[in-house]
Amino acid sequence: MMPFIDLKTQYKHIKPKIMKRIETVLEHGQYILGPEVEELERELAAFVGCEYAITMSNGTDALMVPMMAMGIGPGDEVITSAFSFFATAEMISLVGATPVFVDIDPATYTIDVAQIEKYITPKTKAIVPVSLYGQTADMDALSALAKKHNLYLIEDGAQSFGATYKGRKSCNLSHVAATSFFPAKPLGCYGDGGAIFTNDSTLAKAMKEVRNQGQEKRYYHTRIGMNGRLDTLQCAILLEKLAIFPEEIQKRERIAQIYLKHLASKMKVMTVPKDQTCVWAQFTMEVDNRDQFQKLMQERGIPTSVHYPLPMNKQPVYQAEFGHLIFEHTDNAAARVVSIPMHPYLTDLEAETIAKTVLECVGQTK
Ligand SMILES: *Cc1c(COP(=O)(O)O)cnc(C)c1O
């Protein structure tokens, strides 16, 4: 069985650089907020073109910290997509606010901006669009909506770091954005990691304090925060991974184009709008008999994965409150989507073989 995501080949390519970085940290011994943390934050901010990048313990905390710094909490409503990884809604609930789910655009699987306005109430404080599968939602339309109703716009860019929207980078398209460096994300570290991005200096200061136990200075706590720091070691590793990331994005695009060439005319695959680029966190399509399709693919040595089999509102913990809600396109996607291997170290031949196998297996499930 080939791997769904190949992390070992990348490691082999950059092993001496990674080892040197790790050794440097072990020698200076500043494991918490060491020099590599600020170095990476500068590089990350430069990469997306924003003023402030704040590294975080993981992508989940990176979603929570902005909401804490903004004072979003009990009595507030936060609008988000019904179709995402659980963390997006989970953090809205964890700060004490109420998630308000909106259906997706079936072509892109991102939040359907045209439907949002009817969910806005006097309690609404923020919109959290999810840049699912590696591309952003319609961020200009979302910005206009947020501005009109005086709402915060928080991009969940956990899957889209490196993507572009009208020439601008994901994570620099909203008031604040969160990303994840979970190993399987387009840019991943060797454990949990994440980052927050903003151009707002006041918010950046507040978020940095929240990340570090609400400290304005050492042992002087001005707010309730958390321990949301990213280890110096992970930052050191990410510096080397970020250096090769632009090249990896191109390789991902190359693999995606091979998949599209074979599959786009034969089945429903995700659509990337003309003025956007995607980093292909997943390459996702829809099939009729998903269980059977996955089994057939597995028998041919090709792993597949489902992101995500259950809409957010139908998760057991939300069932009583939101389970009755029906989101046509979310429900359809949850029942039909499946992703195939996607990483920069697939060869063209492997990608061709995977695509052809998909068509073969789709044929056999009819
Ligand atoms: C991965 C992911 C997260 C959470 O990131 P972690 O680093 O795993 O905490 C949040 N939102 C989305 C859309 C994700 O894919």
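Keep in mind that what you see is a predicted model, and the values were worked out from it rather than measured. Note on numbering: residues in each chain are counted from 1, in written sequence order. Side-chain atom pairs in this predicted model are given and counted only at pLDDT of 80 or more, local residue features only at pLDDT of at least 70, and totals for whole chains, interfaces and linings cover all residues. By convention in this description, side-chain values take in all heavy atoms of the structure and omit both hydrogens and water.

Student: Looking at this structure, how should I read the environment of Val78?
Tutor: Helical segments are the DSSP runs of H or I of at least four residues, strand segments are the runs of E of at least two, and each set is numbered from the N terminus. Of note, Val78 is situated in strand 2 (residues 77–81). In this structure, the C-alpha to C-alpha distance between Val78 and Glu360, residues 282 residues apart in sequence, is 43 Å. Note on definitions: a residue-residue contact is assigned when non-hydrogen atoms from the two residues lie within 4.5 Å. Beyond its immediate chain neighbours, meaning those up to four positions away, Val78 contacts Ile72, Ile92, Ala97, Thr98, Pro99, Val100, Ala126 and Val128.

Student: Explanation requested: the sheet that holds strand 1 (residues 52–56) in the structure shown.
Tutor: Sheet strands pair by backbone hydrogen bonding; their relative direction is either parallel or antiparallel. In this analysis, strands are considered paired if DSSP registers two or more bridges between them. Pairing within the open sheet is mixed, and its 7 strands lie in the order 1-9-8-5-4-2-3. Both outer strands of the open sheet, strand 1 and strand 3 (98–102), are each paired with one neighbouring strand and no more. Strand-to-strand twist of the sheet, defined as the mean angle between neighbouring strand axes without regard to direction, takes the value 25 degrees. Pairing geometry for strand 1 and strand 9 (residues 194–198), over 5 bridges, is antiparallel. Following the sheet pairing, Met56 is matched in strand 9 by Gly194. Against the sheet, helix 5 (residues 139–148) contacts strand 4 (124–128) and strand 5 (152–156), and its axis sits at roughly 150 degrees relative to strand 5. Between N-to-C directions, angles cover 0 to 180 degrees, with each direction set by a line fitted to C-alpha atoms, over the stretch in contact for helices.

Student: Got a minute to help me understand the nonpolar core in this structure?
Tutor: If you look at soluble globular proteins, the nonpolar side chains tend to sit buried side by side. Within this scheme, the nonpolar core is defined by two criteria: the residues are buried Ala, Val, Leu, Ile, Met, Phe, Trp, Tyr or Cys, and they are joined through side-chain atoms within 4.5 Å. Only protein chains enter the accessibility calculation, which uses a 1.4 Å probe; a residue whose area is less than 20% of its type maximum is buried, one above 50% is exposed, and one in between is partly exposed. Counting residues in hydrophobic clusters, the biggest one holds 39 residues, and the most contacted among them are Tyr259, Leu263, Phe283, Met285 and Val358. Elements represented by at least two residues in this core include exactly helix 7 (232–263), strand 13 (283–286), helix 8 (290–299), helix 10 (328–336), strand 14 (337–340) and helix 11 (348–364). Setting aside its immediate chain neighbours within four residues, Val358 contacts Leu263, Met267, Met285, Phe293, Met297 and Ile340. The next biggest cluster of nonpolar side chains, apart from the first, holds 28 residues, and it includes Leu63, Met64, Val128 and Met207.

Student: I tried to follow a nonpolar patch on the surface on my own but got confused; where do I start?
Tutor: A residue counts toward a patch only above 30% relative accessible area and without a salt bridge, and it is joined to like-charged neighbours within 9 Å or, for Val, Leu, Ile, Met, Phe, Trp and Tyr, to nonpolar neighbours within 5 Å. All accessible areas in this document rest on Shrake-Rupley with a 1.4 Å probe, and a residue is counted as covered only by the protein chains that are shown. By definition, a salt bridge exists where a carboxyl oxygen of Asp or Glu is found within 4 Å of a side-chain nitrogen of Lys or Arg. A cluster of nonpolar residues, Leu26, Tyr31, Ile32 and Leu33, forms a patch on the protein surface that exposes about 380 Å² of accessible area. Positionally, Ile32 belongs in the loop between helix 1 (8–28) and helix 2 (35–48). Assessed through its relative accessible area of 48%, Ile32 is described here as partly exposed.

Student: Help me understand the sheet that holds strand 7 (residues 168–169), please; the structure alone is not making it clear to me.
Tutor: If you walk across this open sheet you meet the 3 strands as 7-6-12, and the pairing is antiparallel. Unpaired on one side and paired on the other, strand 7 and strand 12 (276–277) mark the two borders of the sheet. The pairing of strand 6 (residues 164–165) with strand 7 spans 2 bridges and is classified as antiparallel. In the sheet register, Tyr165 faces strand 7, and the bridge partner there is Arg168.

Student: Honestly, the packing of aromatic side chains in this entry has me stumped. Any pointers?
Tutor: Both the distance between ring centres and the angle between the ring planes are used here to describe each pair of aromatic rings. In this scheme Phe, Tyr and Trp rings, the latter by its six-membered ring, pair at centre separations within 6.5 Å, and the angle between planes marks the pair as stacked below 30 degrees, edge-to-face above 60, and tilted otherwise. Enumeration according to the criterion identifies 15 aromatic pairs in this entry. Between Tyr109 and Tyr133, the aromatic rings sit 5.5 Å apart at their centres with planes inclined by 65 degrees, giving edge-to-face as the arrangement. In this pair, Tyr109 sits in the loop between strand 3 and strand 4 while Tyr133 sits in the loop between strand 4 and helix 5, placing the two residues 24 residues apart along the sequence. What makes Tyr133 buried here is its relative accessible area of 0%. Residues Phe161 and Phe245 carry aromatic rings whose centres are separated by 6.0 Å and whose planes lie at 20 degrees to one another, so their mutual orientation is stacked.

Student: Looking at this structure, how should I read the site of the ligand?
Tutor: Around the ligand, the structure places 17 residues, and the nearest of them are Gly59, Thr60, Gln159, Ser180 and Lys185. Between N or O atoms, a polar contact is any pair within 3.5 Å; within protein, one atom must be a potential hydrogen donor and the other a potential acceptor, and residues adjacent in sequence are included only when both atoms are from side chains. A distance of 2.5 Å is found between an oxygen atom of the ligand and a side-chain nitrogen or oxygen belonging to Thr60. The protein chains hide 93% of the 380 Å² of surface that the ligand would expose on its own. At the level of secondary structure, the elements contributing two or more residues to the shell around the ligand comprise helix 3 (59–70) and helix 4 (87–94). A total of 3 residues in the shell around the ligand trace back to one element, the largest contributor, which is helix 3. Taken together, the residues that form the shell around the ligand break down as 7 nonpolar, 8 polar and 2 charged. For this purpose, a residue is taken to be near a molecule or strand whenever a single non-hydrogen atom of the residue falls within 4 Å of it. When residue character is reported, Ala, Val, Leu, Ile, Met, Phe, Trp, Tyr, Cys and Pro are called nonpolar, Asp, Glu, Lys and Arg charged, and the others, Gly included, polar.

Student: Looking at this model, I keep getting lost on the environment of Ile72. Mind explaining?
Tutor: Relative to the helices and strands, Ile72 is located in the loop between helix 3 and strand 2. On the basis of relative accessible area, Ile72 is assigned to the buried category, the value being 6%. Separated by 80 residues in the primary sequence, Ile72 and Tyr152 place their C-alpha atoms 9.9 Å from one another. Those residues within four positions of Ile72 in sequence are excluded, and the remaining contacts are Met67, Val78, Val95, Ala97, Lys125, Ala126 and Tyr152.

Geometric descriptors of this kind do not, in isolation, establish any biological role.
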